[in-house]
Amino acid sequence: MAQVPSSQALLEKIVSLSKRRGFIFQSSEIYGGLNGCWDFGPLGVEMLRNIKDAWWRAMTGRGGIEGIDASILMHPRVWEASGHVQNFSDPMVDCRECKMRYRVDHLFGEMSEKKLRAISKATTLEGALAKTLNMQSQEVTKEQLAEILLSMIEKSDTLFSELVEKELIGCPNCGRVKTLTPPRNFNLMFETHIGPVKDDSNAVYLRPETAQGIFVNFLNVMQSSRQKVPFGICQIGKSFRNEINTKNFLFRTREFEQMEMQFFCKAGTDEQFFEEWRETRWNWWQSLGMPESKMRFKPHEKLAHYAKAAGDIEFLFPFGFGEIEGIHNRTDFDLTRHTEFSGKSLQVHDEQTKEKYTPYVVETAAGATRGFMALLCNAYEEEQVEGEQRVVMRLSPSIAPIKVAVLPLVNKDGMPEIAQSLEKDLRRSMKSFYDDSGAVGRRYRRMDEIGTPFAVTIDSDTLVDQTVTIRERDSMKQIRIAIAGVRQYLMDKMD
RNA sequence: GCGGGAGUAACUCAGUUGGUAGAGUCACAGCCUUCCAAGCUGUUGGUCGCGGGUUCGAGUCCCGUCUCCCGCUCCA
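Because the structure is predicted, anything quoted here is derived from the model rather than measured. (Residues numbered from 1 in each chain as written. Chains lettered and ligands numbered in written order. Predicted model: local features only at pLDDT ≥ 70, side-chain atom pairs only at ≥ 80, totals over all residues. Heavy atoms only, no water.)

Caption draft 1: Just empty space enclosed by the protein, in detail. Inspection of the entire model under this criterion finds one cavity of 30 Å³ or more. Approximately 30 Å³ is the volume found for the largest cavity. Lining the largest cavity are Leu 288, Gly 289, Leu 375, Asn 378, Ala 379, Arg 394, Leu 395, Ser 396 and Ile 399. Residues that form the lining of the largest cavity fall into these classes: five nonpolar, three polar and one charged. (1 Å grid on protein atoms, 1.4 Å probe; cavity = no way out; pocket = protein on both sides within 12 Å on 5 of 7 lines; lining within 4 Å. Points joined across faces, edges and corners; volume = space filled by probe spheres on them. Nonpolar A, V, L, I, M, F, W, Y, C, P; charged D, E, K, R; others polar.)

Caption draft 2: Structural detail: the layout of surface pockets. There is about 380 Å³ of room inside the second largest pocket. For the lining of the second largest pocket, the secondary structure elements donating two or more residues are α11 (218-225), β15 (348-350) and β16 (355-357). Sorting elements by how many residues they give to the lining of the second largest pocket places β15 first, with three residues. (Helix = DSSP H or I, 4+ residues; strand = E, 2+ residues; numbered from the N terminus.)

Caption draft 3: Up close: helix α12 (residues 270-287). When the terminal C-alpha atoms of α12 are compared, their 25 Å separation across 18 residues agrees well with the 26 Å that a helix rising 1.5 Å per residue should span. Restricting attention to buried positions, one finds in α12 the residues Asp 270, Phe 273, Phe 274, Trp 277, Arg 281, Trp 282, Trp 284 and Trp 285. In an axial view of α12, the angular spread of the buried residues amounts to 165 degrees, which keeps them on one side of the axis. Relative to its buried face, α12 has exposed residues pointing more than 90 degrees away, namely Glu 271, Gln 272 and Glu 279. Backbone geometry just downstream of α12 places Gly 289 in the positive-phi region, at approximately 100 degrees. (Expected span 1.5 Å × (residues − 1). Buried < 20%, exposed > 50% of the residue type's maximum accessible area, 1.4 Å probe, protein only. Arc of directions from axis to C-beta.)

Caption draft 4: Region of the structure containing the pairing of strand β22 (residues 454-458). Here β22 lies mainly inside the structure; five of its five residues are buried. On β22, burial covers both faces: Phe 454, Val 456 and Ile 458 on one face and Ala 455 and Thr 457 on the other are all buried. Strand direction decides the pairing type here: strand β20 (residues 404-408) and β22, joined by five bridges, are parallel. Each residue of the ladder has a partner; that of Pro 408, found in β22, is Ile 458. Here four bridges tie β22 to strand β23 (residues 467-472), and the two strands are oriented antiparallel to one another. Looking across to β23, one finds that Ala 455 is bridged to Arg 471. (Pairing = 2+ DSSP bridges.)

Caption draft 5: The packing of aromatic side chains, seen in detail. Evaluated as defined, the whole model comprises 14 aromatic pairs. Arranged with centres 4.7 Å apart and planes meeting at 50 degrees, the rings of Phe 263 and Phe 273 form a pair that is tilted. Note that Phe 263 is positioned in strand β11 (residues 255-265) and Phe 273 in helix α12, a separation of 10 residues in sequence. The residues Phe 263 and Phe 273 share a single accessibility class, namely buried. Across from the ring centre of Tyr 357, 5.1 Å away, lies the NZ or CZ of Lys 266, which sits over that ring. Seen from the ring of Phe 251, Arg 370 lies directly overhead, with NZ or CZ sitting 3.8 Å from the centre. (Phe/Tyr/Trp six-rings, centres within 6.5 Å; stacked < 30°, edge-to-face > 60°. Lys NZ or Arg CZ within 6 Å of the ring centre and 35° of its normal.)

Next comes the structure, spelled out in structure tokens:
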């Protein structure tokens, strides 16, 4: 009878086990840790690599998709073109009294039209608004009014504070006036500097997504690999976002790894490819052992500036559903923008119509780090076996960090030597582990806890007829086969 | 960033009104063991998150700070 502990306890158990067994350590732990940063230990890195390898094979192995590995540092103009410089920072204010925090644009967005007009009049923005929009102020909609106000606030260091002082903007939560702080910018991109001298002129960003490295290399890849639209480019790599808050173990971190694929296609075919990829990616997660019962696809209601359609594959984490992959129809937004900002044409030639066009892009952006955590959470189970508790990681053999343990039943009669020899042989084909300490039952349980799917045991029968037992993790059932056939037996089970 | 909770051995946790830091588990070395974590012996391992302060004396009281968890906020 399997059981899953309550949600808050479950995550703590997984964090604890991760550290104890070497999946995940907190970054810089001996210095007190670093907020939201985690290190992969020996088992964690094996499992992460297995996930990434599976993804890489699924992408590059299907044909029509090329891989790249772009630099993390890119030309700063890339992020102007992508919209990140403008959209990836939100001015925010705090209420000094009730401690609520607001995004300034949300503040105006929820304001009544009457209020917005009162603010405009009081700040003599009315004329400027009319001028900007080239129309009478009475015809300006509420949304336009809010938008213009916002842009004026962004251009002025003092305007917002003036409005607060004149009691035109109060705290929506506690209703007090004169309590809102001046707006502060939260830029979610990490900034650093090229060269030893720190200077605005040499500022660069750590990439907040890997996608842009693909877009700027679009023509390079297409020409060098002799691909034709439709085709895809994929990449695995680290990305960085200066999140205000990190939380939930590996789920929201400032440094994380992405597995992204951008599929370039002609406008008009994009919607069909979007659907195809949505299904392909959904099925891929299941191929790693993720059950459909813990997954859902959630379409975005509010679309980002670049997207025509978008949705997330979500996994039911202990803390609730969370995104593990986004599927977006980015249209021709990115290539068009890079054409504008770089001055280089990123169009392709249509052989049939003899026309040039900018391809549309369907993006699949999976989180390697998040996927790792999802698969770890999914695998963790506690069950009662003959009155004893058994902790078992039901990891799919394809992603399990160690594939097989080789154990002598007892440490005598030459069993350790035979086991060591077999382990050495298996090691060449798969990650294996030899263990002769304590009772065999204890060793089985240790392997269960780290998700090792198989255990081969050398016993006294082995000495007589060269057979061994293979114990399967989930069922704990054993079969007996010839020692010479072990390697092939396991290889067949790995697929 | 705000509010709440927590931080003592690798893990889970005790530690009384302030008086020389403990247990279980794990790990390691042996012994014993012929199939599912509980046998025996021994061993390693702790600047009590970090830094100040009060005190003759601080794991314990005070201040600051860091990290983790929950909630709010945020999450192009």
